[in-house]
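# An overview of the molecular structure
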Amino acid sequence: GNCLDLPLAASPYQVPACSHLVKLLKVVQQFQTYLHHPDALEVYHPQAAHCVSSLSRDACVYLLRNWLLSLVSNDVSLFITICPRATTLDPTPLKTNWSVVNRQTPTSPGTLSNTAGLQWSYSIKIVDCGAKPSSKLRTRENTESLLRLFESPEILPT
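To keep things clear, this report deals only with the structure shown in the data block. (Residues numbered from 1 in each chain as written. Predicted model: local features only at pLDDT ≥ 70, side-chain atom pairs only at ≥ 80, totals over all residues. Heavy atoms only, no water.)

### Details of the side chain of Thr111
Counted only if it meets this: Where helices and strands are cited, they refer to DSSP runs of H or I of at least four residues and of E of at least two residues respectively, numbered from the N terminus. Between buried and exposed lies partly exposed: a residue is buried under 20% and exposed over 50% of the maximum accessible area for its type, with that area taken using a 1.4 Å probe on protein chains only. We call two residues contacting when some pair of their heavy atoms lies within 4.5 Å.
Mapped onto the elements, Thr111 comes out in strand S3 (residues 110–114). According to the relative accessible area criterion, Thr111 is buried, its value standing at 3%. Setting aside anything within four residues of it in sequence, one finds Thr111 in contact with Arg85, Ser99, Val100, Val101, Asn102, Gln119, Trp120 and Tyr122.

The following block contains the structure:
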């Protein structure tokens, strides 16, 4: 029962102290596992509804913030560029520990360095992070529904 094993584990927001939130996330996780089972909705909906009706205000805000974040970052693309500052033919130093020497700024790349003294420049750019029209979200839902048809049903836990 670690919170880090549950949905929203990668959330950038602080998890509020609410036992009903933890229970809800566990129910959601179980529902996702047995999503294609014909009785899944009947089994997990009452449990989830009870948890939702008992959530604290902070837990509701937490879920809403994560939901809004997921809508915005649904279709984000990243470009990552990494290049050596000097050429080396020996790949051994590449396997050593790396650290950030200078963080990237809006106008210049960052610098990575390892214990062997090699330095690399890096740059991370976020592209295509504009607002998504609601029609695109509906299209995504329809596509995901079609993909679910290819997964095999499993037996619900007793």
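Still more to cover.
### What to know about the environment of Gly110
Secondary-structure assignment places Gly110 in strand S3. A relative accessible area of 0% places Gly110 in the buried class. Taking C-alpha positions, Gly110 is 8.3 Å from Trp120, a pair spaced ten residues apart along the chain.

### A word on the sheet that holds S3
As a reminder, the rule being used: Note: two strands are recorded as paired if DSSP finds a minimum of 2 bridges between them. A fitted line through C-alpha atoms serves as each axis, taken over the contacting stretch for helices, and the angle formed by two N-to-C directions is quoted from 0 to 180°.
One open sheet holds the four strands; their spatial order is S1-S4-S3-S2, and the pairing between them is antiparallel. Single-partner strands in this sheet number two, and they are strand S1 (77–84) and strand S2 (98–102). Adjacent strand axes in the sheet meet at a mean angle of 30° when their direction is disregarded. Of the pairings in the sheet, the one linking S1 to strand S4 (residues 119–127) comprises eight bridges and is antiparallel in character. Looking at S4, one finds that Ser77 is bridged to Val127.

### Looking at helix H3 (residues 57–72)
Applicable threshold: Here, expected helix span is obtained from the residue count minus one, scaled by 1.5 Å. Here the arc refers to the directions that run from the helix axis out to each C-beta atom.
Along its 16 residues, H3 runs 23 Å from first to last C-alpha, staying within 8% of the 22 Å computed at 1.5 Å per residue. Listed in full, the buried residues belonging to H3 are Ala59, Tyr62 and Asn66. Buried residues of H3 fall within an arc of 60° about the axis and therefore sit on the same side. For H3, exposure combined with an orientation more than 90 degrees from the buried face picks out Arg57 and Trp67. Where H3 is buried, its residues touch helix H1 (19–33).

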